[in-house]
Amino acid sequence: MIPGAPTGDTLLERAPVLLRDWLVGFLPGPARWAAGSLLMIVAILAVFGTLFAFLTLAERKILARVQNRPGPNRTGWFGLLQPFADGVKMLTKEDIVPRAADPVLHFLAPVALIAFSLLTFAVIPYGRHLVPVDLDSSILYFFAAGTATELAVFMAGWASHNKFALLAAMRALAQLISYELPLLLSVVPVVLATGTLSATGVVAAQSGWKWDLVPRWVVFTPWGAAGFVIFMISALAESNRSPFDLPEAESELIAGHLTEYSGFKYALFFMAEYFGMCALSGMAVTLFLGGWHAPLPLLEFIPSYVWFAVKLLALLLGFIWIRATLPRLRIDQLTRLAWKFLVPLALVNLATAAFWSLSAPWPGPLQLLRWAVALGLVAGPFLLLSRGLTAGLRPRVYRYA
Amino acid sequence: MSLSPSPLFSAPGPQVRAVSDEFHGDLLEVSMGPHHPSTHGVFRMMATLDGETVVKLKPVFGYLHRNHEKIGEGTSYLGSMPYTDRLDYLCSMTNNWAYALAVESLSGQAVPERAQYLRVILAELTRLLNHTCLAGFLLQDCGASGTPLMYAFREREKILDLFESLSGSRMMCNYQRFGGCRTDAPPGWLEAAAALVGGYGAFLDEYEALLTGNEILMARTQGVGRLPAALAISAGVTGPMLRAAGVDYDLRKVDGYGFYPRFEFRVPLGAHGDTYDRYMVRVLEMRESIGILQQALRGIPAGPIMDPKARLRGFRAKPGEAYGRIEGPKGEIGFFLISEGGPNPYRYRVRPPSFINLTILEDLCLGHSIADTVVILGSIDIVLGEVDR
Amino acid sequence: MIGTGLLKGLAVTARNFAGSFHDPKRFVTTQYPEERTKLPEAYRNFPFLVSESADDPMGTLRCVACQICEKECPPQCILIEKSSDKKPDANGRMQLYPKIFDIDTAVCMSCQICVEVCPFDAIKMDQVFEIAATDRFTGLILDRQALAKPDSYFHQIRPTEAAEVEGRLAEGRRAAQEKARAAAAKAAPAAPAEPPAAPSAEAAKPPRPPA
Amino acid sequence: MNAVLILIALVTVGAAILAMSRRNLLHSVLLFAGSWAGVGAFFLWAGAEFAAFAQVLVYVGAISMVVLFAVLLTRRSREDLAPGPVSRSRAISAVLAGIAVAAVLLAAVAGTPLAVSAGPAPAVSVRQIGGELMGPHAAALLVVGVLLTVALLGAVVLAAGDRPENPEDAP
């Protein structure tokens, strides 16, 4: 456990840990570890399960409010029971498995998808003392579990034995693979700057405030901001969210690789997408937004896991906001955006981070030069590449007869 | 995109474009529709795909054929008027006007001034309604999860309320008669219309802020589904699609029917003829329609709305034939009538603009990906009621 | 710069999201069963038969079973059967009345042509839209009993149109009385001994020739 | 501790054997991915977290995708995925090849002196691994990097070599 800063260790802060120790205390010695981790698993499932339920409701409500309508408000007070109604509906719906489908793979796909996306929750530090598993290379573990989901998407597409599902599975894989690279490349500078692969280490490196006002979060450095933007764009693509929700683009290939799924298996895919979204946002908060650190020293009395929750919800609402606004990219534009725009930018970002950390000890006035060069290194390639990407795309002027 | 070699009507045999054989995986025959979520009604596209790109596309329709023209021969002239609402069920007012124009030119009835002004106002309101919905559906096909469509429907509801308080029904207005309009504008209707038109400019600015500059929309629509002017003219394409291809042909200027020469407005023309131009031409046309509406609402005179000599029942047209056409929101909608002096027309023919614009769907889609075919279909703006009749 | 169009779009959606909480213009849904939008006066749905008095709607139908609306109706959804005997109508003249008057509301498209062509203002458009039936024939085919509604109901749902119709009918009735009185005065001096039955027959001709 | 080791070994070898015996090619590819995950689990058991996660990331995440794509792209259509008729000669030659490979492996394993250390391996932190990679083993790392880049460029040339430039991009 990282020794918390003296002011930060209020009772509220250690409450979850005390609760766990008290509960586990009833059991004999060796069973304590097992019971403790079981309790942790139950806690994660409970928290992120309800977060998933109310996230679907929040998504529909926000999407509705953006479109000037109330959204679900018939079930329960303000529609709060809507997710449970959806749950019951999904459970009672008939689970149709096409005769030509490959039963083993057809069943295994959602199970594998849910399993891998749940694995990623094990290493995210939710609070000062709330780290389920503190591994030395937890960031590598997080992305290892993340890439395995591609296998499950392929299984779903191939096992449904359906033309549309196959086409969509190929698209999904092309998208996931081509966005794996910028996702990882945008994390490398953070590891380089903080010098550790463990999530708690990265969060510890972002503690403290400059002039007691600006927190030392990665996002407040030029390369950190660029890395954060690249990470979020890639996270959008990794979790198949708009404007990259190509695989289940309803306007083209019905429900993509989910076409032949119904009932609770379909709900599992849905749940896996949301878990993926939450996990990636959680990692974004940990790497770029200073994990569970409070933004200002005087706000330190609020427990750390509350700050983590606030930042996580902010990112999730951003996901929903983008989904309500942006149209979808075509598959070739999507991969071109990844390979010709995000990957080069991430590589340049690596160089900026190296320059930033090397130029750290520069005396006072040179700091301005340091900022200028860093910003130039970020903005320059961005403008250069964006001109290439949108060659010839601009609003046109029309003549009248 | 080079003009596809396949002649205007795709030859009976499979028209497969030359694709490099070495990578020639098996062609995937995909049928999109008739219940596909993005085909604007019961319309089916048999697309042959090589990987992502469309190699051959065969539109299949007729699912909504209701024998409209044969029924027209059996019903009296007045009886066919409510059926014209069901042709292009988004723009019933312009359908009514085109049919009324045809019968009036058949029977030579004069239309009083106030009725002409009312007809222009209702036609331009219908154009606003149709083009706003088109932009909404186009974005829905691009995948914008319904937000632009909901804004379009919010504005459409206001216009439909105006139609309802005037003609009695929101979409099935059955409002025009031979020689004028059925009922006069109730008190306060003209002021409500002026208020709506006044606020429409602000809505369009917000709508364009959301869409026109959107890089993703530009990437998805610029250079997609390019329609060369030569092909457009030879295929008989009319309306915004034709003007987006750069051809200056707007019936309101060409025919000058129904007091349009009194209002001054401009006709926007596109340069590339691709999906983005079709979208932008419609948006600019909406701004022109706002201008026309403001002039018409200011200048509408008092007076009768129905030609006193008009006869409702027992109307018998003089033997002969007539073709009445107007610039509908989707293109030139026309009615061709042959009368033998009886109460029913001998031949009742509708010129459906969206059906004729649809014939070149394959030429626009060859070489594009399947995601583009959906966007191209959306930009052609078809309504299956009019395509199948 | 590449992102500006997207940001402008995000700004529009944010403004709409915030606006939907305080600006009625940006929150347009009416919760149907609880709140109801006020229907405009011109709104029309299925037709109904106008009867003179409210207490005996069946007996005092204005309809004289001339079957013009049956011929003119485009989808042919009206069925009328004339009565054999006659009964006096509002002007006191003996008129036929419809023994059977069925409208198949499953076929009717409420196009309101029957109202236009009816010379006696006997059929008007109703404003009821919440009709659902479990069976297509008993539920959706409305017979004379279900169709007949008093003139007061017509005044209630369409005040201006009802007033205009009322004016026309009253003026027609007044013309009928004057004609009857003039005819009676002319017949009296010419042949005082003529039996009084003649004037009533002469007055029977309605002032308005059936168009 | 040995029980866990045996279990992992069983899973890995079992998955590999099953993969060989499956009639459906896709099932065997997925079972292969399972056996690679088994190898990853072995590293985890041995305490080398970095190696385990790298193994899962590279093999289960990426290499299985490459194999799946290779299987899909080279097959003309779905029928080819069904296995060919079972002929005796192919079975015999498969078994002989298996025995030969097994013999070579066993000889190599038996030959090397395995110093079985008493306690678990010393806990090596990722920072030390980084130091080692960048220090003495930097050359090996660079060679592997160049190898992968060449493979990537080769793939790009092969894939996009002769397909005409995407028609819809032409202005």
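Use the structure listed above.
Bear in mind that the values here come from a model prediction, so they are computed numbers and not experimental data.

Q: Any chance you could explain the arrangement of the chains here in plain terms?
A: Among the 5 pairs of chains that make contact, the interface with the largest number of contacts is formed by chains A and B. The closest approach of any C-alpha atom in chain C to one in chain D is 19 Å; the two make no contact.

Q: Help me out: how do you make sense of a nonpolar patch on the surface in this one?
A: All names here are of chain A. Together, L19, W22, L23, F26, L27 and L39 line one region of the surface with nonpolar side chains, adding up to about 610 Å² of accessible area. With 3 residues, the top contributor of residues to the nonpolar patch is helix α1 (residues 11-25). Looking at where L23 falls in the secondary structure, it is placed in helix α1.

Q: What is the right way to read the packing of helix α11 (residues 275-299) of chain B against helix α14 (residues 370-380) of chain B from this model?
A: Two quantities define a packed helix pair, namely the angle between the axes and the distance from one axis to the other. Residue and element names in this part refer to chain B. Interhelical geometry of α11 versus α14 gives an angle of 30° and a closest axis separation of 10 Å. By the angle class used here, α11 and α14 are roughly parallel. Viewed along their axes, α11 and α14 form a crossing whose handedness is left-handed. Contact with α11, carried on its side by T275, R278 and R282, involves V375, I376, S379 and I380 of α14 and no other residues of that element. Residue composition of the contact of α11 with α14, by class: 3 nonpolar, 2 polar and 2 charged.

Q: Help me out: how do you make sense of helix α2 (residues 77-85) of chain B in this one?
A: The buried fraction of α2(B) is high, at 9 of 9 residues. Listed as buried for α2(B) are Y77(B), L78(B), G79(B), S80(B), M81(B), P82(B), Y83(B), T84(B) and D85(B).

Q: Help me understand the interface of chain A and chain B, please; the structure alone is not making it clear to me.
A: Frequently, the measure chosen for interface size is the accessible area removed from exposure when the parts meet. On the side of chain B, 51 residues touch chain A, which itself brings 33 residues to the contact. Both faces combined, the contact of chain A with chain B buries some 3700 Å², and carbon together with sulfur accounts for 59% of it. Three residues stand out in chain A for area buried against chain B, namely R396(A), Y398(A) and Y400(A), and they jointly supply 20% of the buried area on that side. Taken together, the connections running from chain A to chain B amount to 3 salt bridges. R396(A) serves as the salt-bridge partner of D277(B), at 2.7 Å between the closest nitrogen and oxygen. For the side of chain A that touches chain B, the secondary-structure elements that each account for two or more residues are α2 (29-66), α6 (163-194), α10 (304-325), α11 (331-358) and β3 (399-400) of chain A. Ranked by the residues each element gives to the side of chain A that touches chain B, the list is headed by α6(A), at 4 residues.

Q: Would you mind showing me how to read the packing of α2(A) against α10(A) here?
A: All names here are of chain A. Contact geometry of α2 with α10 gives a least axis separation of 10 Å together with a crossing angle of 40°. Accordingly, the angle class assigned to the pair α2 and α10 is oblique. As α2 packs across α10, the resulting crossing turns out to be right-handed. Counted together, F48, L51, L55, A58, E59, I62, L63 and V66 of α2 and L312, L313, L316, L317, I320, R323 and A324 of α10 form the full contact between these two elements. Residues that form the contact of α2 with α10 fall into these classes: 13 nonpolar, no polar and 2 charged.

So, how was this worked out
- Residues numbered from 1 in each chain as written.
- Chains lettered and ligands numbered in written order.
- Predicted model: local features only at pLDDT ≥ 70, side-chain atom pairs only at ≥ 80, totals over all residues.
- Heavy atoms only, no water.
- Contact = heavy atoms within 4.5 Å.
- Patch = residues over 30% accessible without salt bridge, like charges linked within 9 Å, V, L, I, M, F, W, Y side chains within 5 Å.
- Areas by Shrake-Rupley, 256 points an atom, 1.4 Å probe, with all protein chains shown as cover.
- Salt bridge = Lys/Arg side-chain N within 4 Å of Asp/Glu carboxyl O.
- Helix = DSSP H or I, 4+ residues; strand = E, 2+ residues; numbered from the N terminus.
- Axes fitted to C-alpha atoms, helices over the stretch in contact; angles between N-to-C directions.
- Parallel < 35°, antiparallel > 145°, perpendicular 65-115°, else oblique.
- Left-handed = near helix turned anticlockwise from the far one by under 90°.
- Nonpolar A, V, L, I, M, F, W, Y, C, P; charged D, E, K, R; others polar.
- Buried < 20%, exposed > 50% of the residue type's maximum accessible area, 1.4 Å probe, protein only.
- Buried area = accessible area lost by both parts, 1.4 Å probe.

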